[in-house]
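An overview of the molecular structure
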Amino acid sequence: MKKNRWLISYAAIAVLAVFLGVLGVFISRKNVQKNVTAVEYNKQWNKVMADAINQKKINLTIDDESIYCGEEKPYFTENMELMLPCKIVKDGFNCAENLYKKKKLVIERGSNEAVLKIGSNLLKFNDNEYELSEKVQKIDDEIYVPAELFTTYLNYKFEWDSKSLVSSFENQAKGDSFLPEKYNYMEKGKVVTVKDQGNYGTCWAFATLTALESSLLPEEKIDFSENNLIYNNILSDEIHDGGDYIRSMAYLMSWNGPVLEEDDPYGNQPAKEKKKVVKHVQEAVIIPPGKQQQIKEMVFKHGGVESSLYMASTATAMNNTYYNPEECAYCYNGDEKPNHDVVIIGWDDNFPKENFKDKSIKNNGAFICLNSWGDDFGDHGTFYVSYEDRQIGQVNVCYTGIEKTGNFDNIYQTDLCGWIGTMGFEGSPNAYFANVYKAKSNEKIQAVGFYAAKANVDYQVFVCKKYEGKISLNDRTHVAASGNIKNQGYYTIRLDQNYRVKKGDKFAVILKVSDVKGKDYRLIPVEMKSEDIDINVNLNDGEGYISSGGEKWQSAEKQECNICLKAYTKKMK
């Protein structure tokens, strides 16, 4: 009997070893103990499984949509509890996520509010206190929260497939809106500085940088220089000229700014010397006209939305016709074109329609907007604009990708004027475009940046590490990145690996874009001369190509334009 017991034990150990071998885990003898309790055994076994899983890639889906996590990946704790990187919370779970004083994390969805602290498992949920099974953790620069928050408190069903290593979440509150009825940055502790443009036509610069500043709140409170934006953009350097988001995006995406207000104070003169850029803007979303729910979503998740509207030239005329100063309520229903930029920082679906002077307004509801007319205007600089205003929400930009200046070492570009126009091949829903650059040093190509000229486009990125003429652009056997872009705007796409190039070598980045609906062929963003904008486009600063099928290439410069396609690199140490 004793011999049989040993045989059974050896057989059990053999089965266990085979199973762990499949997981790619090696267990040393010290992990096999006799007479352990069930609790101890489960704890050890959970640790073994967690370690094995964490060595592999954990795939994540939310409501049947695959979620890209980048380098900050989900992981299992020793108790087999799933931890999720905060970076996926906003778009994955449709939540607002804000960090206060680097310690307090607030996650909101609809009318629900969860307050957590880094390093603690205590949860305050809708004013009630609970304990999570795991603590909120900060690893390097990323914060991780227990998946339990979403499964137990925010109505998500969770399933784990050990074979495919897929963690899937499904929202059980069908028809539930993740947007609250009212949301206001000023009430959420995301206090945006109220500024005054004075008598100059610079509302566009104030709206751009206020929107940018709001996207960093409450984690960072920074005052950027409007003066530097006005005088340091290639499209205009005259403070009375006025401007728009095209000028702002050209300035920001080329890394000419932003700089600090204290380094270049607002006035009517340009700075005498170049100032230090303090952030790199890598993404900006252009929201389609009239998409009010999408505007709210961007405000809720990311930052204030720069938007245009029509406002009367004098305060007296505005008060008499469109503005109720007692309720700080504004609505314009005429045919005049937009002439002013503000920043949408919230909304109130129940703001009474009776508060507006225009009695033809049918429904309650208004956006909460921050103006650039000083603290004396409206309610400490803010005012309400009816959802039924003719111009609000027609031109909208939200800055969603603001990074530290150390994210890349070099930017390669030829489109300092930004996205002025579009090109394409009539009848073709596909287009290829490429830019050729010469490496400044031994570098690693890590990302590309481009303007999505249309909404809902598929893209593929290719890299030619050694460019030797146009024929080199046809060698595209490896896709460096791919995906779909839902909205117009500027996007930085990280590549699947580092592509090494040597100093002095020519390299090319190539992009294929396709209109998903197949209705529009004007898909290539270009810098070009325009009748609407008086600019001097430099056609001697680059080498760009376009193609309909990716085989026969035409020079972009011969079409009198530059391709809007940047490359981002890191120097090799």
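Quick summary incoming for the structure in this document. Bear in mind that the values here come from a model prediction, so they are computed numbers and not experimental data.

One side chain can pair with another of opposite charge once the charged atoms of both are near each other. In this structure the tally under the stated criterion is 20 salt bridges. A salt bridge links lysine 157 to glutamate 159; its shortest N-O distance comes to 3.5 Å. Residue lysine 157 is classed as partly exposed on the basis of its relative accessible area, which comes to 41%. The partner of lysine 275 in a salt bridge is glutamate 273, with the nearest N and O atoms 3.6 Å apart. Glutamate 273 sits in the exposed class, given a relative accessible area of 54%. Linked by salt bridges that have partners in common, Lys195, Glu213, Asp223 and Glu226 make up one network.

Within the open sheet, the 5 strands sit side by side as E5-E6-E7-E8-E9. Their pairing is antiparallel. The sheet is open, and its two borders are formed by strand E5 (96-100) and strand E9 (128-131), each paired with just one other strand. Going from strand to strand, the sheet's axes swing by 20° on average, the running direction of each strand aside. Judged from the 6 bridges that link them, strand E6 (residues 104-109) and strand E7 (residues 112-117) form a sheet pairing that is antiparallel. Note on E7: the bridge partner recorded for arginine 109 is asparagine 112.

For the rest of this paragraph, the subject is helix H8 (residues 292-301). For H8, the buried fraction is high: 7 of the 10 residues fall into the buried class. All of the buried residues in H8 are Gln294, Ile295, Lys296, Met298, Val299, Phe300 and Lys301.

Further remarks concern the nonpolar core. Among the nonpolar cores identified, the biggest contains 111 residues, and Tyr330, Phe383, Tyr399, Leu495 and Ile524 are the most heavily contacted of them. Of all the elements, helix H5 (residues 203-216) adds the most residues to this core, at 7 residues. The next biggest cluster of nonpolar side chains, apart from the first, holds 34 residues, and it includes Leu60, Leu82, Cys86 and Phe169.

Among the secondary structure elements, threonine 202 is positioned in the loop between strand E14 (182-184) and H5. A relative accessible area of 0% places threonine 202 in the buried class. A distance of 2.7 Å separates a polar atom in the side chain of threonine 202 from a polar atom in the side chain of tyrosine 266.

Conventions used here
- Residues numbered from 1 in each chain as written.
- Predicted model: local features only at pLDDT ≥ 70, side-chain atom pairs only at ≥ 80, totals over all residues.
- Heavy atoms only, no water.
- Salt bridge = Lys/Arg side-chain N within 4 Å of Asp/Glu carboxyl O.
- Buried < 20%, exposed > 50% of the residue type's maximum accessible area, 1.4 Å probe, protein only.
- Pairing = 2+ DSSP bridges.
- Helix = DSSP H or I, 4+ residues; strand = E, 2+ residues; numbered from the N terminus.
- Axes fitted to C-alpha atoms, helices over the stretch in contact; angles between N-to-C directions.
- Core = buried A, V, L, I, M, F, W, Y, C linked by side-chain atoms within 4.5 Å.
- Polar contact = N/O pair within 3.5 Å; in protein donor to acceptor, adjacent residues only side chain to side chain.

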